[in-house]
Amino acid sequence: MEKPHILQVGPYPEWDEAPLQSAFTVHRYFDAADKSAFLSSVGPQVRAIATRGELGAARSMIDACPNLEIVSVYGVGYDAVDLAACREKGIRVTNTPDVLTNDVADLGVAMMLCQSRGMISAERWVQDGSWAAKGLFPLKRRVWGRRAGILGLGRIGFAVAKRLQAFDMDIAYSGPAAKPYAEGMEFISDPVALAARSDFLFVTLAASAATRHIVGRDVLAALGDEGMLINIARASNIDEEALLEALETRTLGSAALDVFEGEPKLNPRFLKLDNVLLQPHHASGTIETRKAMGKLVRDNLAAHFAGRDLPTPVL
Ligand code: 8YV
């Protein structure tokens, strides 16, 4: 039987390539010099798109594949997939939830600790001889016992909260509704009010049109010149222009960011700041989790082509 043809939007770790190629005829979109000519030529054969959270599948790509049946996303966030187009055409969509939750939460908390205690500049202090020449490293702010706000108490937000509880932090959260499992955490529906009572504000919201720029000027002003914003979700949740302005004028204390508009290229204004920690969208980036994500991408595709229930369907 002929192997189903799939369109692979971006590269995966090398351990995913062999199993993908043994089960499918793989068309590597990211290798094509002329993307649109490539799509016109292979599109009609393509029955599945295997993509990544931040790369997604735009309507133009979906339209170029008239026999498309399923989009399998390597990532929990599927905001870059045109869900409306998939719904209209009856195309299934899957993602990779759960397997990455703890790693994403770990990195978010690590970013908070690293930024609050100034670990990057402290290392520079040792490396460049400042410790020997100038003496004690400037004092930084404490983490434990302080107030944390979590914008979006879903799987990842809750995993962050559990970690913060171990730091004896005073935790509140925001979202569409109070969560029954949020024991010992205050529910504050208004993100501005949440930011106003937070020293650290974590953004752990699934991105959608409804959450676009939910962190805007008002939230940043409420977080204030002592506050820290930590984003391990999607850049679109934050008004990046407002964030840059707030960091430049120091009306916001600091930020720790794993995601950026237009990544992997980022606004060069970020590179001039000394009050932001910049990370290359790697919150799920451990060998263990990426192996589990790759397997789940393939398991969803295999289940679809075998006519079985999808392990982790979105649509
Ligand atoms: C990426 C992510 O998919 O889970 C998500 O939504 O954005 C990430 O896990 C990952 O960087 C692989 O491209």
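All values reported here derive from a predicted model rather than from experimental measurement.

Draft legend 1. Representation of the domain arrangement of the chain. What the domain assignment reports for the chain is domain 1 (5-99 + 288-305) and domain 2 (101-278). The C-alpha centroid of domain 2 is placed 31 Å from the C-alpha centroid of domain 1. Across the side of domain 1 that touches domain 2, the residue classes break down as one nonpolar, two polar and three charged.

Draft legend 2. Summary view of the nonpolar core. Counting 87 residues, the largest nonpolar core has Ile49 and Ile230 as its most contacted members. Two domains share this core, each providing at least three of its residues, namely domain 1 (5-99 + 288-305) and domain 2 (101-278). Those residues in contact with Ile49, other than ones at most four positions away along the chain, are Ile6, Leu7, Val9, Ala57, Met61, Cys65, Leu68 and Val71.

Draft legend 3. Highlighting the environment of Val109. Residue position: Val109 is located in helix α5 (residues 101-116). Beyond its immediate stretch of four places on either side in the chain, Val109 contacts Val160, Arg163 and Leu164.

Draft legend 4. Quick look at the sheet that holds strand β9 (residues 200-203). A sheet is described by the order of its strands in space; here seven strands give the open sequence β8-β7-β6-β9-β10-β11-β12, paired in parallel fashion. Whereas interior strands pair on both sides, the edge strands pair on one side only; in this sheet they are β8 (186-187) and β12 (276-278). Relative to strand β7 (residues 170-174), strand β6 (residues 147-151) runs parallel, the two being bridged by five bridges. The residue of β7 that forms the bridge with Gly149 is Ala172. On the sheet, α5 packs against β9, β10 (228-231), β11 (254-257) and β12 and is oriented at approximately 150 degrees with respect to β10.

Draft legend 5. Molecular detail of the pairing of β6. With four of its five residues buried, β6 lies for the most part within the structure. Viewed along the sheet, the connection from β6 through helix α8 (residues 155-165) into β7 turns out right-handed. In this structure, β6 lies alongside β9, joined through four bridges in parallel fashion. Note on β9: the bridge partner recorded for Gly149 is Leu201.

Draft legend 6. Geometry of the packing of α5 against α8. Following both chains from N to C, one finds α5 and α8 inclined at 50 degrees, their axes separated by 8 Å at the closest point. As far as their axial angle goes, α8 and α5 are oblique. The element α5 and its partner α8 pack so that their crossing is right-handed. In contact with Thr101, Asn102, Val104, Ala105, Gly108 and Val109 of α5, α8 contributes Arg155, Ile156, Ala159, Val160, Arg163 and Leu164. In terms of residue class, the contact of α5 with α8 is built from seven nonpolar, three polar and two charged.

Draft legend 7. Looking closely at the UniProt feature "domain: D-isomer specific 2-hydroxyacid dehydrogenase catalytic" (unreviewed entry) in the chain. The UniProt entry lists residues 28-314 under the feature "domain: D-isomer specific 2-hydroxyacid dehydrogenase catalytic" (unreviewed entry), expressed in the numbering used here. End C-alpha atoms of residues 28-314 are separated by 24 Å, and the span's content is 36% helix alongside 15% strand.

Draft legend 8. Region of interest: the confidence of the model for the chain. The share of residues in the chain with pLDDT of 70 or more is 100%, and the mean pLDDT across the chain is 98. Between the elements of the chain, mean pLDDT differs from a low of 96, seen in helix α1 (residues 14-23), to a high of 99, seen in β9. Here the predicted complex carries an ipTM of 0.97, next to a pTM of 0.97.

Draft legend 9. Here's a closer look at unusual backbone geometry. Of the consecutive residues Glu263 and Pro264, the connecting peptide bond is found in the cis state with omega at 5 degrees. Locating Pro264 in the fold gives a position in the loop between β11 and β12. With phi around 55 degrees, His213 is a residue other than glycine that occupies positive phi space. Turning to its location among the elements, His213 is positioned in the loop between β9 and α10 (217-223). Judged by the 15 C-beta atoms lying within 10 Å of it, His213 is partly exposed. The phi torsion at His281 lies on the positive side, around 45 degrees, for a residue other than glycine. For His281, the location among the structural elements is in the loop between β12 and α12 (287-305).

Conventions adopted
Residue numbers here run from 1 along each chain, matching the order of that chain's written sequence. Per-residue local features of the predicted model are confined to residues with pLDDT of at least 70, and side-chain atom pairs are confined, for both listing and counting, to 80 or more; whole-chain, interface and lining totals are unaffected and use all residues. All the domain ranges listed were derived from an automatic or database domain assignment. Note on residue categories: nonpolar means Ala, Val, Leu, Ile, Met, Phe, Trp, Tyr, Cys or Pro, charged means Asp, Glu, Lys or Arg, and polar means any other residue, Gly included. Residues enter a nonpolar core if they are buried, belong to Ala, Val, Leu, Ile, Met, Phe, Trp, Tyr or Cys, and are joined to the set through C-beta atoms within 7 Å. Put plainly, a residue is buried at 20 or more neighbouring C-beta atoms within 10 Å of its own, exposed at 12 or fewer, and partly exposed in between, counting only other residues' C-beta atoms, which are placed from the backbone. What counts as a contact here is a pair of residues whose C-beta atoms, placed from the backbone, lie within 7 Å. Helix numbers and strand numbers start at the N terminus; a helix is a DSSP run of H or I with at least 4 residues, a strand a run of E with at least 2. Think of it this way: DSSP has to see at least two bridges between two strands before they count as a pair. Only the stretch in contact is used when a helix axis is fitted, and all axes are lines through C-alpha atoms; the angle between N-to-C directions ranges over 0 to 180 degrees. Orienting the strands away from the viewer, one traces the path from the first strand over the helix to the second; a clockwise path indicates a right-handed crossover. For this classification, under 35 degrees means roughly parallel, over 145 means roughly antiparallel, 65 to 115 means roughly perpendicular, and everything else is oblique. Definitions for this section: a left-handed crossing has its near helix turned counterclockwise from the far helix by less than a right angle. A right-handed crossing has that turn clockwise. UniProt positions are given in the numbering used here, feature names are shortened, and annotations may be inferred rather than shown by experiment. Summary of the metric used: pLDDT quantifies the predictor's per-residue confidence within the range 0 to 100.

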